[in-house]
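# Analysis of the macromolecular model
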Amino acid sequence: FGAVRGLWKMSTNKDLSIEGQAISGKEGRMPKRILIVDDDPDAITFTSSVVEDNGYKYVSADNGIKGLALAKKEKPDLVLLDLIMPEKSGMMMFQEMKKDSELRKIPVIIVSGASEVLGVDLRDFMIKQPLKGRKKAVETSGEAHLTKPNAFMEKPFGADELIKVIKKVLED
């Protein structure tokens with residue numbers, strides 16, 4: 001993980017798992033599946049190692065087009081989504097997921113360094129969605145349906161922090 005060190009805070013635990021805690025599903029159940037969508041190969045390497053070391057299965061995509069296709073095909077239990085990517089941004093993928101009747105149920109954790117790049121605090125990140133049966137996100141009345149991700153994590157973050165957020169989101 002030498003190349004990863006510059007992008008991520010490394011865990012103090014050698015195996016990138018939270019010591020003494022099993023985080024996979026209940027006994028006898030299949031492990032939870034996580035879709036990782038990030039255009040940075042080092043980020044995918046780090047994140048996939050962390051989730052795998054903690055008993056989760058994962059699939060990954062390097063842009064929003066592939067991520068959306070995998071979400072439809074795999075129906076993961078959780079999506080870890082970067083915002084700034086080529087071809088289809090994480091914002092567009094998130095918006096399309098929330099418009100889809102099946103994908104909208106999948107929890108999403110935004111994992112991005114975009115706040116630093118854009119100079120904007122994205123912890124309160126929301127997408128305006130069209131009101132039921134309407135095409136516009138904001139009507140003349142000023143009403144809007146706002147959709148937020150289940151959690152937001154600013155890069156860099158450590159393995160322990162990532163697993164705690166994943167566990168919390170999957171329990172909700």
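Pro-156 follows Lys-155 through a cis peptide bond whose omega is 0 degrees. Checked against the element boundaries, Pro-156 lands in the loop between β7 (151-154) and α5 (159-171). In this model, Glu-87 sits at a positive phi of 70 degrees, which is unusual for a non-glycine residue. As for its placement among the helices and strands, Glu-87 is situated in the loop between β3 (78-81) and α3 (90-99).

Reading across from one edge, β2-β1-β3-β4-β7 is the order of the 5 strands in this open sheet, with parallel pairing throughout. Every other strand in the sheet has two partners, leaving β2 (57-61) and β7 as the edge strands with one partner each. Neighbouring strand axes in the sheet, compared pairwise and without regard to direction, differ in orientation by 20 degrees on average. Pairing between β3 and strand β4 (residues 108-112): 3 bridges, direction parallel. Of the residues in β4, the one forming a bridge with Leu-80 is Ile-109.

Conventions and cut-offs
Residues numbered from 1 in each chain as written. Predicted model: local features only at pLDDT ≥ 70, side-chain atom pairs only at ≥ 80, totals over all residues. Heavy atoms only, no water. Helix = DSSP H or I, 4+ residues; strand = E, 2+ residues; numbered from the N terminus. Pairing = 2+ DSSP bridges. Axes fitted to C-alpha atoms, helices over the stretch in contact; angles between N-to-C directions.

No statement about biological role is implied by the geometric values presented.
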